[in-house]
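# Tertiary structure, described
Residues per chain, in single letters:
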Amino acid sequence: MTPNGVLKLIANNNRENIYCVYPVTPDETIGKLISALSNCSGGLIVFGVQDDGKKLRVKGYKFNVDIDSIKVKLSNNVKLTCLDLPHETATLKCINVEKCENVVVFSDTPYMLDHNRNVAELHIKKVFLSYSHNDTCIADLVDEKLTFFGKGRLAITRDKRTLEYKSDIDKFMQTVSTHDYMVSIISDSYLKSRGCMYEVSELMRNRAFNDKLLTIILSKADESFYPADKKPEQIKADVYSLNRFEYIKYWEAEKEKVNKLNSEISDLALKQGLVDEIKQINVISMNAAELIEIFKKSLGKDFSEINQNAFSDLLSILLS
């Protein structure tokens, strides 16, 4: 935008993407506005023009705005140009702010414009990534892609300990509850993992969690993403055919195994270590059928298809 172009907009009372500053506005407010414009559609900040709600009135630039100090608190990806406007009756200045693909923050906080054109904090969606350690290569790719396509609007949490038994499952549940979404990479390994299945069995009782659950159901097509030396015997999560009942049988067998072992050990001191094992497997066995149905009715796309579509299915939900 040229200086003459800005002056023409002012003369025509064009308020679209123009924000007038008069008389004095704190530098912090200007910085937040620059962040908000960068994260939305861009726009012009004009100093020395008053918007009385009916008309844009030229008053003159008679105050100081420390643009350099403001820029220090903005992220490096901000794109702005400062212009002097050669108006015939007053000195005017303007900042032309361009829209940025990646989030622009001011003082480590991102801002946006609400439907009333007011500046508000931009909520960065927190996403918890849940997966089996056998599928770390897929998790790495999901993490990388969501971070790239999210362009700063997604914060991905990965807890590699989720694959193991958690002594403090309540604390973990509290951590997940602070997230906006949970993306679970469902594989054959996941469905047979005591740690993963116990977690999701406990978490499914939270209705908000069920609303936030997004799944990637791995298929045979996803085998190509695994290194040859780290490829599990089966990757496909067979939740759509009658074979899904094999997972229910698997956990019933695990339940019988630990209960049998419990009955064969008479020494209470030795049995103490089985308490947590029995608790976990009983919970999983009780919820296995419902969990399989939840996975069956979820997004239902494998990693290959999601990746081919540039993660549009997930992003349409995560960034909504």
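Residues numbered from 1 in each chain as written. Predicted model: local features only at pLDDT ≥ 70, side-chain atom pairs only at ≥ 80, totals over all residues. Heavy atoms only, no water.

## Some details on the overall build of the protein chain
Along its length, the protein chain carries 13 helices and 13 strands. For 320 residues, the compact-globule estimate of 2.2 N^0.38 gives 20 Å, and the C-alpha radius of gyration of the protein chain, at 28 Å, exceeds that figure by more than 25%. The dimensions of the protein chain, computed from C-alpha atoms along their principal axes, are 95 × 40 × 35 Å. Counting across all 320 residues of the protein chain, residues that qualify as buried make up 44%. When contacts within the protein chain are restricted to residue pairs at least 6 apart in sequence, those whose partners lie at least 24 apart make up 75%. Of the roughly 16,900 Å² of accessible surface on the protein chain, 48% is carried by carbon and sulfur atoms. Taking the average place of the 43 positive charges on the side chains of the protein chain and the average place of its 45 negative ones, the gap between the two points comes to 5 Å. (Helix = DSSP H or I, 4+ residues; strand = E, 2+ residues; numbered from the N terminus. Rg over C-alpha atoms; globule rule 2.2 N^0.38 Å. Buried < 20%, exposed > 50% of the residue type's maximum accessible area, 1.4 Å probe, protein only. Contact = heavy atoms within 4.5 Å. Areas by Shrake-Rupley, 256 points an atom, 1.4 Å probe, with all protein chains shown as cover. Lys, Arg positive; Asp, Glu negative; His and termini not counted. Charge placed at Lys NZ, Arg CZ, Asp CG, Glu CD.)

## With respect to the sheet that holds strand β9 (residues 119-121)
The strand order across the open sheet formed by three strands is β7-β8-β9, and the pairing between neighbours is antiparallel. Single-partner strands in this sheet number two, and they are β7 (105-106) and β9. One ladder, built from three bridges, connects strand β8 (residues 109-113) with β9; its direction is antiparallel. Of the residues in β9, the one forming a bridge with Tyr111 is Glu121. Those strands touched by helix α2 (residues 27-39) are β7, β8 and β9, and its axis lies near 70 degrees from that of β8. (Pairing = 2+ DSSP bridges. Axes fitted to C-alpha atoms, helices over the stretch in contact; angles between N-to-C directions.)

## Side note on the pattern of salt bridges
Oppositely charged side chains can form a pair if their charged atoms are brought close together. Under the counting rule described, the total for this entry stands at 16 salt bridges. Arg15 is the partner of Asp51 in a salt bridge, and the nearest nitrogen-oxygen pair spans 3.1 Å. Linking Asp51 in strand β3 (residues 49-51) with Arg15 in the loop between α1 (3-11) and β1 (18-21), this pair joins segments that are 36 residues apart in sequence. Here Asp51 falls in the partly exposed class, since its relative accessible area comes to 33%. Of the charged contacts in the structure, one is a salt bridge between Lys301 and Glu305, with a shortest N-O distance of 3.9 Å. Since its relative accessible area comes to 21%, Lys301 is described here as partly exposed. According to the relative accessible area criterion, Glu305 is partly exposed, its value standing at 33%. Here the residues in one salt-bridge network are Asp140, Asp143 and Arg158, joined through shared partners. (Salt bridge = Lys/Arg side-chain N within 4 Å of Asp/Glu carboxyl O.)

## So, the side chain of Asp238
Mapping Asp238 onto the fold places it in the loop between β13 (213-217) and α9 (244-264). Although buried, Asp238 forms no salt bridge, and the nearest oppositely charged side chain, Lys236, lies 4.2 Å from it. Apart from the residues within four sequence positions on either side, Asp238 is in contact with Asn243, Arg244 and Tyr247.

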